[in-house]
Amino acid sequence: MISVRRVTKEYPNGVVALQNVDLEIGKGEFVFLVGPSGAGKTTLLRLLFREEVPTSGSVMVNGHDVGRMRPRQIPYLRRQIGVVFQDFRLLPQRNVHENIAFALRVIEAHPREIKRRVSQVLELVGLSDRGHALPAQLSGGEQQRVALARAMVGRPVMLLADEPTGNLDPHNAEDMMRIMLEINRLGTTVVMATHAAHLVDRARQRVVAMEGGMIHRDELAASYHVEVNR
Amino acid sequence: MRLRTWAFCLNEANQNLLRNPVLAIASVTTTAISLLVLGVFLLLTVNVNAIATSVESQVAVRAFFAKNVPQSQETAELQTVRSWSQVRTATLVTKAQALAELKKEFGDQAKVLDSLGTANPLEDSLSVTAQKPQDVKVLATRLSHLDGVVHTTYQSAVVSRLFALINDIRVVGLAIGVLLLIGSLLVITNAIRLGMAARRREIAIMRLVGATESLVHWPFILEGLILGGIGAIVASGLAYWSYVAAYHNAVRSLPFLPLVAPSPVARDIALLLLVLGILLGAVGFRISVRRLARV
Ligand SMILES: Nc1ncnc2c1ncn2[C@@H]1O[C@H](COP(=O)(O)OP(=O)(O)OP(=O)(O)O)[C@@H](O)[C@H]1O
Ligand SMILES: [Mg+2]
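Below is a short write-up of the structure. Position numbers for residues count from 1 along each chain, tracking the sequence in the order it is written. Here the convention is simple: chains get letters from A, ligands get numbers from 1, in the order in which they are written. Predicted model: local features are reported for residues with pLDDT of at least 70 only, side-chain atom pairs are reported and counted for 80 or more only, and whole-chain, interface and lining totals are derived from all residues. With hydrogens and water stripped out, all remaining heavy atoms of the structure feed into the side-chain values.

1. Overview of the overall build of chain A
Here is step 1 of the chain: When you go through chain A residue by residue, the secondary structure sums to seven helices and 10 strands.
Here is step 2 of the chain: Taken against the 2.2 N^0.38 rule, which gives 17 Å for 230 residues, the C-alpha radius of gyration of chain A at 18 Å falls within 12% of a compact globule.
Here is step 3 of the chain: Considered along the principal axes of its C-alpha atoms, chain A spans approximately 45 × 45 × 35 Å.
Here is step 4 of the chain: In chain A, which comprises 230 residues, the proportion classed as buried is 52%. Secondary structure elements are taken from DSSP: a helix is a run of H or I of four residues or more, a strand is a run of E of two residues or more, and numbering for both begins at the N terminus. With C-alpha atoms as the basis for the radius of gyration, the globule rule is written as 2.2 Å multiplied by the number of residues raised to the power 0.38. When accessible area is computed with a 1.4 Å probe and restricted to protein chains, residues below 20% of their type maximum are described as buried, those above 50% as exposed, and intermediate ones as partly exposed.

2. Concerning the pattern of salt bridges
Here is step 1 of the chain: Definition used for salt bridges: Asp or Glu carboxyl oxygen within 4 Å of a side-chain nitrogen of Lys or Arg. Per the stated rule, a full pass over the model turns up 21 salt bridges over all chains.
Here is step 2 of the chain: With its nearest N and O atoms 3.1 Å apart, the salt bridge here joins B:Glu202 to B:Arg199. Each of the two residues, B:Glu202 as well as B:Arg199, counts as buried.
Here is step 3 of the chain: Salt bridges linked by common partners bring A:Arg94, B:Glu12, B:Arg199 and B:Glu202 together as one network.

3. Section: the interface of chain B and chain A
Here is step 1 of the chain: The interface is formed by 18 residues belonging to chain B together with 23 residues belonging to chain A.
Here is step 2 of the chain: A quick way to say it: buried area is the sum, across both parts, of accessible area lost when two parts are put together, with a 1.4 Å probe. A per-residue breakdown of the area chain B buries against chain A is headed by B:Ile205, B:Leu208 and B:Val209, which together make up 33% of the total.
Here is step 3 of the chain: Our count for the chain B to chain A interface comes out at two salt bridges.
Here is step 4 of the chain: Among the salt bridges present, the one from A:Arg94 reaches B:Glu202, with a minimum N-O distance of 3.1 Å.
Here is step 5 of the chain: Polar contact criterion, stated in full: a pair of N or O atoms within 3.5 Å, where within protein one must be able to donate a hydrogen and the other to accept it, and residues adjacent in sequence count only if both atoms are side-chain atoms. In this structure, the connection of chain B to chain A is made through nine residue pairs in polar contact (both at pLDDT 80 or more).
Here is step 6 of the chain: Residue assignment for the side of chain B that touches chain A shows that the elements contributing at least two residues are helix H1 (3–19) and helix H7 (200–208) of chain B.
Here is step 7 of the chain: The greatest single-element share of the side of chain B that touches chain A, amounting to six residues, is contributed by H7(B).
Here is step 8 of the chain: Across the side of chain B that touches chain A, the residue classes break down as eight nonpolar, three polar and seven charged. Every residue pair with non-hydrogen atoms within 4.5 Å of one another is taken to be in contact. Residues are grouped as follows: Ala, Val, Leu, Ile, Met, Phe, Trp, Tyr, Cys and Pro are nonpolar; Asp, Glu, Lys and Arg are charged; every other residue, Gly included, is polar.

What follows is the structure in structure tokens.
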């Protein structure tokens with residue numbers, strides 16, 4: 001599903017955010033990306049949906065050579081990837097239903113299909129009764145669930161989440177985590193960058209730990225910190 | 001793109017316009033004014049051109065005979081001149097007729113001519129008008145080579161001054177029109193750019209969920225076309241109908257003015273303004289599109 005080979009990313013200002021990174025993620029996996037601030041987690045995610053291109057090395061996603069694909073093909077890559085950010089990035093003038101439908105309208109889906117799928121994802125994130133609310137009328141947790149619904153409404157094969165619980169209180173964070181694990185259980189590959197140690201520890205999924213642009217730990221069914229007496 | 005996608009883009013464009021109605025109105029107004037000025041100058045040029053052409057073709061070349069040329073030779077030469085292809089009309093003006101005309105022109109002051117008594121200092125002449133204004137010079141030369149003709153005259157100075165004036169009007173009108181067009185282009189570009197800035201979040205999300213670049217662009221292209229197009233419709237409508245009205249008034253009150261009928265000309269100019277307005281919108285988008293790549 002994801003194959004990152006010897007990837008180095010140097011930003012134009014000279015900062016080297018990733019150094020010789022190798023990472024393989026299979027279909028249907030759930031992966032936590034952890035590490036201190038500045039480790040390169042966000043940069044790695046951005047390479048996966050072609051928000052950035054690697055300086056060297058190759059990034060393969062679902063069979064596409066993401067680093068070398070032509071700009072015209074980028075939209076079709078992104079239709080296979082759902083993305084959620086720490087700041088929910090909803091459109092303030094549109095209600096919940098419209099925010100989610102927007103993602104399908106701009107890829108020219110059929111209106112009947114849009115209606116059907118929007119109510120499905122609203123149910124998935126537990127917001128079926130809030131379709132007409134504006135983002136400002138929702139709690140942070142609810143807004144993030146709308147963002148998650150928007151990411152999933154196109155039925156992507158992969159969900160990328162960059163600190164999705166970063167702005168949420170513990171209760172909402174757990175809700176969000178539960179829904180993401182459910183999404184993964186239904187077959188979507190999930191990669192989640194996070195600082196939330198307790199969520200990582202509770203979920204017991206694969207953990208990829210980074211520091212200084214390099215991966216120094218990659219364990220299955222692991223926790224946030226290295227376990228000494230396992 | 002599908003029909004519903006066009007509807008989506010059009011709706012987005014409309015919302016941009018409604019978000020900033022003052023700027024939208026400013027764009028439409030400046031476009032309409034600049035196109036209208038251009039249209040008025042074009043119509044003016046076309047008409048002054050027509051007037052000048054008719055004046056020039058009506059200019060008579062006069063060929064004066066020497067005093068001793070017999071009347072029979074003069075009439076013979078009149079027939080020759082009439083057979084030339086450049087000639088529209090040719091008449092023989094005897095010195096008696098010339099004096100009568102002169103008296104008529106002097107009108108109330110005709111008395112000054114009384115001092116001449118029965119003497120007539122004038123000469124017989126041929127008065128010739130050309131088929132085409134550019135033939136006038138050739139005619140003058142040919143006439144001067146006729147037997148018995150001592151000199152020829154025509155009003156070349158007046159005509160060339162008229163043409164110089166037309167040229168000035170055209171240059172000034174075009175310069176003003178182009179300056180105004182640049183101004184309205186800047187206003188349209190500014191409106192489109194503000195729309196892009198206001199929709200930054202939306203564009204970012206569109207790209208994130210896999211909208212094609214053309215779908216990102218079209219709302220702004222449509223915005224430009226709407227702004228330029230409405231301005232152009234107003235300008236070409238105004239130019240067309242006011243010219244038709246002005247023409248019919250002028251035909252009634254100034255029938256001797258050889259104005260250009262509105263039927264092909266005003267319609268063509270109205271179409272030209274329409275095309276220019278739409279072009280303004282398209283160019284306005286073209287200028288702003290680089291900003292879209294960076295949002
Ligand atoms: N657009 C950019 N231009 C230049 N440098 C950048 C850019 N984005 C990130 N960096 C730098 O690259 C390094 C890695 O940043 P990145 O955002 O990937 O870290 P992170 O692991 O996501 O950190 P955090 O946990 O704080 O989100 C940092 O040193 C950062 O300053
Ligand atoms: Mg980050």
